[in-house]
Amino acid sequence: MSDIIIETRGLTKRYGDQVSVSKLNLHVKKGRIYGLLGRNGAGKTTTMRMLLGLAAPSAGTVHLFGRPLKGGEREILPRVGSLIESPGFYPNLTGTENLKIFARLRKLKNEAAIKNALELVNLPWRDKKLYSQYSLGMKQRLAIALAIMHNPELLILDEPLNGLDPIGIAEVREFIRALCDESGKTILISSHILSEIALLADDIGIIDGGVLLEEESFSELEQKNGRYFRFLVSNAPVAARILSDGLGISSAAVNGGHELTVRDPRLDMGEAIRLLVEAGLTVTDAHLCEDTLEDYFKKITGGEGIA
């Protein structure tokens, strides 16, 4: 049996002349967290809506659990939990009372399912606090409790960290990771918060302008990026020639007139600085750096950062 839980083939969505998602080939593996990264308007939400049957593709197909979604919604979608938009919770009711209403609407009669969902997201079962008194982090956790109340195998979460303060982000991040590691859920999460996805995801997909530019595991991404040396000097082009002639370093990249980066692990930074200074150049900074997900996003999209 394939370990691919979500697979799209040439998935495309057009609104008139506008292409929101173009020929998307997505692969989400069982028991892992997949981070779909992109700026606002990149096509993340549209993609998720098509995965859930909420929007019809203009072209291409969606396969969930190895089966085509089209025509099999009744059997497939009950195995999926989602958070695409904020649920309409009642402010004058407790979290438990709100979930009981949704459970009745879904004809879910097992009250233990509500209790288990609340426990999974770290919210109390017997609590008198009203929804209107919840923090943003608690509200988001309750929304995810609603998504997992029927114990789905797959979770699709659109920007669950959006609008949260740092404490709320840490809370939500921690239990999303636990849902995967301890409860065995497969999770597709979209976000534009790169630093948080770097702490959370096993696999990364980068979408820009509706096109999936890159898809790989986070460990592969780390190996690809690696470390590099960064120099700030009085004349970067001259410094590059000195390092090439004196140390055989041909990979030095000049960024503007004063910045030089070298992606060669053989470089001896002390020796490089000595050569540059002896040649009459001023070295104002020299550091061993490591690529971030933000750096990678810029490189892949050929543009500015995601924020």
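Located above this text is the structure these notes cover.
Residues numbered from 1 in each chain as written. Predicted model: local features only at pLDDT ≥ 70, side-chain atom pairs only at ≥ 80, totals over all residues. Heavy atoms only, no water.

Some points on the packing of helix H5 (residues 136–148) against helix H6 (residues 166–181)
Right, on to step 1. Interhelical geometry of H5 versus H6 gives an angle of 20° and a closest axis separation of 9 Å. In terms of axis orientation, H5 runs roughly parallel to H6. Viewed along their axes, H5 and H6 form a crossing whose handedness is right-handed. Across from Gly-137, Gln-140, Arg-141, Ile-144 and Ile-148 in H5, the residues of H6 making contact are Gly-168, Glu-171, Val-172, Phe-175, Ile-176 and Leu-179.
Right, on to step 2. Of the residues in the contact of H5 with H6, the class split is six nonpolar, three polar and two charged. (Axes fitted to C-alpha atoms, helices over the stretch in contact; angles between N-to-C directions. Helix = DSSP H or I, 4+ residues; strand = E, 2+ residues; numbered from the N terminus. Parallel < 35°, antiparallel > 145°, perpendicular 65-115°, else oblique. Left-handed = near helix turned anticlockwise from the far one by under 90°. Contact = heavy atoms within 4.5 Å. Nonpolar A, V, L, I, M, F, W, Y, C, P; charged D, E, K, R; others polar.)

Some points on helix H9 (residues 236–247)
An α-helix turns once per 3.6 residues; consequently, residues spaced three or four apart project the same way.
Right, on to step 1. Over its twelve residues, H9 runs 16 Å from end to end, which matches the ideal 16 Å to within 8%, given 1.5 Å per residue.
Right, on to step 2. Residues of H9 that are buried: Ala-236, Ala-239, Ala-240, Ile-242 and Leu-243. In a view along the axis of H9, the buried residues occupy a sector of 160°, so they form one face of it. Away from its buried face by more than 90 degrees, H9 exposes Arg-241 and Asp-245.
Right, on to step 3. Turning to H9, the residues buried within the fold contact strand S12 (227–233), strand S13 (252–255), strand S14 (259–262) and helix H10 (269–278).
Right, on to step 4. The residue sitting at the N-terminus of H9 and contributing the capping side-chain oxygen is Asn-235; that oxygen lies 3.2 Å from the backbone nitrogen of Val-238.
Right, on to step 5. Looking one or two residues past H9, Gly-248 carries a phi angle of roughly 70°, positive in sign. (Expected span 1.5 Å × (residues − 1). Buried < 20%, exposed > 50% of the residue type's maximum accessible area, 1.4 Å probe, protein only. Arc of directions from axis to C-beta. Polar contact = N/O pair within 3.5 Å; in protein donor to acceptor, adjacent residues only side chain to side chain.)

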